[in-house]
Amino acid sequence: MNDQAESLRKLMNSRAERRETHIISVVSGKGGVGKTNVSVNFSIALAQKGKKVVLFDMDIGMANVDILLGTHAAFNVRDMIERELSVWDIINEGPSGVYFAAGGSGLSDIFSLTEGKKKRFLHQIEMLNGHFDYIIFDLGAGVSKNSMQLVLASHEVFLVTTPEPTSITDAYSMIKHITACDQNLPLFLIVNRAFYLSEGKKAGENLQKVSKRFLHKELNVLGLLPDDDAVRKAVYKQIPYSLAFPRAKVTGAIRNACNKYLDESEREPRKPFYSFISKLKGFMSSPS
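Summarised in this report is the structure supplied together with it. (Residues numbered from 1 in each chain as written. Predicted model: local features only at pLDDT ≥ 70, side-chain atom pairs only at ≥ 80, totals over all residues. Heavy atoms only, no water.)

**Some thoughts on the overall build of the protein**
Heads up, the rule is: The numbering of helices and of strands both runs from the N terminus, where a helix is a DSSP run of H or I of at least 4 residues and a strand a run of E of at least 2. For the radius of gyration, the atoms used are the C-alpha atoms, and the globule rule reads 2.2 Å times the number of residues raised to 0.38. To sort residues, take the accessible area from a 1.4 Å probe on protein chains only and compare it with the maximum for the residue type: under 20% means buried, over 50% means exposed, and anything in between is partly exposed. When checking whether two residues touch, look at their non-hydrogen atoms; a contact exists if any pair is within 4.5 Å. Throughout, the Shrake-Rupley method with a 1.4 Å probe supplies accessible areas, and for residues the shown protein chains are the sole cover considered. Residues counted as positive are Lys and Arg, residues counted as negative are Asp and Glu, and His and the chain ends are not counted. Charged side chains are reduced to one point each, which is NZ for Lys, CZ for Arg, CG for Asp and CD for Glu.
Summing up its helical and strand segments, the protein has 13 helices and eight strands in all. Over its C-alpha trace the protein gives a radius of gyration of 18 Å, about what one expects of a compact globule, namely 19 Å for 288 residues. When each of the 288 residues of the protein is scored for burial, the buried share is 53%. In the protein, the proportion of contacts linking residues at least 24 apart, taken out of those at least 6 apart, comes to 81%. Summed over all atoms, the accessible surface of the protein reaches about 13400 Å², with 51% contributed by carbon and sulfur. Within the protein, one finds 37 positive and 31 negative side-chain charges whose respective centroids are separated by 3 Å.

Below, the structure is given as structure tokens:
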């Protein structure tokens, strides 16, 4: 605990001016697609590439990021809002240098809070600018009307699905909803739990085609992750699969997705952090 506290103090006190903090929201059309596991292991893959990453568990009430990381968090996002703790009080250092904030329970939706608490949430997130390369928000399945504000304010969105027909249908509904609100928001697709590579590839290509044809939206397929028993074994061990089984097929696939993302995103100019804050302030101040 002392080592972790010292690590966080150093992070707080040494603002890296070269870091332009980037916001990614991870969503899914339905539950049970492995979204949080993808968020955790993608974050680790980024950290292993030398990126400073903090993962926020925003699936309030169903929070399990800390469990998958095999760590215990003394405080969480709910504590930051309800008990007025600093964001630095709730951030923990996980394996491979990934930082995270646990979600907690008993708070159904941070965006249904009072104006004062909404402003507090914004102010605390704003304090992280320059300290991290990436802030990743792992949101609840389906995403509520209010939490969609966070998605739309983000710089990019990762959509996790499986090749299962109902999952694909729900993923398309999510794409349709996001695109109706913001046609230009970059969307990356991750197809998880594919029994066969061809199955995952076909699912991704079909979503690409229908999105382009009916929504006029370009969808970037970021990764195809196999259905791998290493994932289930890692959950029981409470160790992220990319660390418990570094040679597993799914670990190689998540690393490939990370590499592809970095190759593509670093060719494009980054949106400034304040664009995220500005958008979120606008959404939160608008009448429901």
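**A word on unusual backbone geometry**
At S96, a position not held by glycine, the phi torsion is positive, near 60°. Looking at the element boundaries, S96 is found in the loop between β3 (91-93) and β4 (99-101). Looking at S96, the relative accessible area reads 36%, which means it is partly exposed.

**Description of the nonpolar core**
Applicable threshold: Here the nonpolar core consists of buried residues drawn from Ala, Val, Leu, Ile, Met, Phe, Trp, Tyr and Cys, with membership extended through side-chain atoms lying within 4.5 Å.
Ranked by size, the top nonpolar core spans 53 residues in total, and within it F56, L128, I135, F137, I178 and F276 carry the most contacts. Not counting the four nearest positions on each side in its chain, L128 is found in contact with T21, V54, F56, V87, W88, I91 and I135. Residues V98, I190, L225 and A253 belong to the second largest nonpolar core, which totals 39 residues.

**What to know about empty space enclosed by the protein**
The following threshold applies: We place a 1 Å grid over just the protein atoms. Points where a 1.4 Å probe fits but has no way out form a cavity, open points with protein on both sides within 12 Å along at least 5 of 7 lines form a pocket, and any residue with an atom within 4 Å of a point lines it. Grid points are joined across faces, edges and corners, and a volume is the space filled by probe spheres set on the points. Three residue categories are used. Nonpolar comprises Ala, Val, Leu, Ile, Met, Phe, Trp, Tyr, Cys and Pro, charged comprises Asp, Glu, Lys and Arg, and polar comprises the others, including Gly.
Counted under the stated rule, the structure contains one cavity of 30 Å³ or more. Considering only enclosed or pocket space, the largest cavity measures out at about 30 Å³ in volume. Taken together, N37, L68, V231, A234, V235, Q238, I239, P240 and Y241 make up the full set of residues lining the largest cavity. Per element, the largest residue contribution to the lining of the largest cavity is three residues, and it comes from helix α10 (residues 229-237). Split into classes, the residues belonging to the lining of the largest cavity amount to seven nonpolar, two polar and no charged.

**Overview of the environment of E93**
Mapped onto the elements, E93 comes out in strand β3. Residue E93 is classed as partly exposed on the basis of its relative accessible area of 28%. Taking the C-alpha atoms as reference points, E93 and T71, 22 residues apart in sequence, are found 9.1 Å from one another.

**A look at the side chain of D133**
Put simply, the rule is: Think of a polar contact as two N or O atoms within 3.5 Å of one another; within protein, one of them needs to be a possible hydrogen donor and the other a possible acceptor, and neighboring residues in sequence only count if both atoms come from side chains.
Mapped onto the secondary structure, D133 falls in the loop between α6 (115-126) and β5 (134-138). Relative accessible area serves as the criterion here: at 9%, D133 is assigned to the buried category. A polar atom in the side chain of D133 sits 2.5 Å from the side chain of R19. Side-chain polar atoms of D133 contact the backbone nitrogen of K52, separated by 2.8 Å. Sequence-distant contacts of D133, defined by excluding residues within four places in its chain, comprise R19, E20, T21, H22, G50, K51, K52 and R270.

**Examining the packing of aromatic side chains**
This is how the line gets drawn: Any two of the Phe, Tyr and Trp rings considered here, Trp counted by its six-membered ring, make a pair once their centres fall within 6.5 Å; the pair's planes then place it as stacked at under 30 degrees, edge-to-face at over 60, or tilted in between.
Counted by the stated rule, this structure contains 11 aromatic pairs. Note on F42 and Y261: the rings are 5.9 Å apart at their centroids and 70° apart in plane angle, and the pair reads as edge-to-face. Here the residue F42 occupies a position in helix α2 (residues 35-48), and Y261 occupies one in helix α12 (residues 249-265), the gap between them amounting to 219 residues. Classification of F42 by relative accessible area gives buried; the value is 2%. Residues Y99 and F132 carry aromatic rings whose centres are separated by 5.7 Å and whose planes lie at 75° to one another, so their mutual orientation is edge-to-face. In this pair, Y99 sits in strand β4 while F132 sits in the loop between α6 and β5, placing the two residues 33 residues apart along the sequence. Judged by its relative accessible area of 2%, Y99 falls in the buried class. Three or more aromatic residues link up through ring pairs in this structure, and these residues are F42, Y134, F158, F188 and Y261.

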